[in-house]
Amino acid sequence: AAPRCRVMHARAALRWHAPTGACVSSSSRRAVTATGTSGRVRAAPCRRVATRAAGESSTERQVFDEAELAQSGAIVSAHGLRGEVRVMPFTDFVEERFFSPCTQWLEDEAQGRSASGEYNKPAGTLSKINISGGREVTTKGRNECIVKIRGVNDRNAAEALLGRRMYVLASERPSLREADVGDGDDDFYAQELQGLRVVLKEGGDEVGKVIDVFRGAGTHDLLKVEVPPLPGSDADDENAAGDGEKRKTKPPGEFVYVPFVKDIVPTVDVPNGFLEITPPPGLLDLRQRASKPKKQRVVAPPPKKKST
């Protein structure tokens, strides 16, 4: 049986998101990352080459499709002098993934965070690594893991891994449901919910698309649903502005939060790519505007000193 899901959103320092591979649990009704240890690894179209990784004599490298992977964590710092690393977990199965010996996949190069501050950039080439064990620590209210990777034996080798993300194969995750169609009280991986069309149960009008899953303020998760701007709104005016010219940047969109509970989400049809909602009056009027990404400030190099 799969371990009981708890909330462990870990994409940002203060606002925890559900990364790909997260699940919505009927017991806690929260979005959590669920990368279990059971299941059969299916063959993936990829290339394999022999290479040398930090601290290891040789290892296996592969390139996977994004849908075949589930993030389990990201290395955020080195710890101590013996090669341990501090990992921000993206999984609710922390004991299986970081405290016990296991095999995972690590990016060959740190992709870093995106402009929004999330670890959601496409993965590059991955190398197979062996985890010897680890333990849990709490830092500034966040649960993180101190992990020992086999072959990483000093601080320099650990610091060389900063910013790299860790993955497991999505096919290794345990099955959460017997049927593909469920409701807001069933278990779903966040990866299954993201991208689903959102339609009204009464009338079938399309509302938007699920773009993320957030930890709610109470006992329920929240679906972040991207919605088109209302006619006559500021966002609609921005979309219409500059007619005849190509926009250099897409204006920030609008979104609403929908609680993931059976009373509001009675149907989740993953195979057909949609979920139905019965929102209470006024819920879809609580629109929020996505913030514009901050521009990176370029600092000019100091002027050269004149020789005398």
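One structure accompanies this document, and this report is about it. None of the values given here were measured: they were computed from a predicted structure.

**Side note on the pairing of strand S16 (residues 254–259)**
Sheet topology places strand S15 (residues 221–227) next to S16; six bridges connect them, and they run antiparallel. Paired with Val227 across the bridge in S16 is Glu254. Across two bridges, S16 lies against strand S19 (residues 288–289) in antiparallel orientation. Within the sheet, the bridge partner assigned to Phe255 lies in S19 and is Gln288.

**Considerations on the nonpolar core**
The nonpolar side chains of soluble globular proteins are, as a tendency, buried together. Grouped together as the largest cluster of nonpolar side chains are 21 residues, with contacts concentrated most on Leu193, Leu223, Val225, Val258, Val265, Val268 and Leu275. Counting residues per element, the ones that place at least two in this core are helix H3 (190–193), strand S14 (206–215), S15, S16 and strand S18 (274–277). The residues touching Leu223, leaving out its near neighbours within four places in the chain, are Leu193, Val210, Asp212, Val213, Val256, Tyr257, Val258, Phe260, Val265 and Leu275. Formed by 18 residues, the second largest nonpolar core is a distinct cluster that contains Ala78, Ile131, Cys145 and Val152.

**Re the side chain of Arg165**
Along the chain, Arg165 turns up in strand S10 (residues 165–169). A polar contact is formed between the side chain of Arg165 and the side chain of Glu107, at a distance of 2.5 Å.

**Details of the packing of aromatic side chains**
A complete count under the given rule lists four aromatic pairs for this structure. On the basis of an interplanar angle of 70 degrees and a centroid distance of 5.4 Å, the ring pair of Phe255 and Tyr257 is categorised as edge-to-face. Take Phe255: its relative accessible area is 8%, and that puts it in the buried class. Taken together, Phe214, Phe255 and Tyr257 form an aromatic cluster joined through their ring pairs. Geometry around Tyr189 places Arg173 over its ring, the cationic atom sitting 4.0 Å from the centre. Positioned above the aromatic ring of Phe255, the side-chain terminus of Lys224 is 4.3 Å from the ring centre.

Cut-offs and rules
Residues numbered from 1 in each chain as written. Predicted model: local features only at pLDDT ≥ 70, side-chain atom pairs only at ≥ 80, totals over all residues. Heavy atoms only, no water. Pairing = 2+ DSSP bridges. Helix = DSSP H or I, 4+ residues; strand = E, 2+ residues; numbered from the N terminus. Core = buried A, V, L, I, M, F, W, Y, C linked by side-chain atoms within 4.5 Å. Buried < 20%, exposed > 50% of the residue type's maximum accessible area, 1.4 Å probe, protein only. Contact = heavy atoms within 4.5 Å. Polar contact = N/O pair within 3.5 Å; in protein donor to acceptor, adjacent residues only side chain to side chain. Phe/Tyr/Trp six-rings, centres within 6.5 Å; stacked < 30°, edge-to-face > 60°. Lys NZ or Arg CZ within 6 Å of the ring centre and 35° of its normal.

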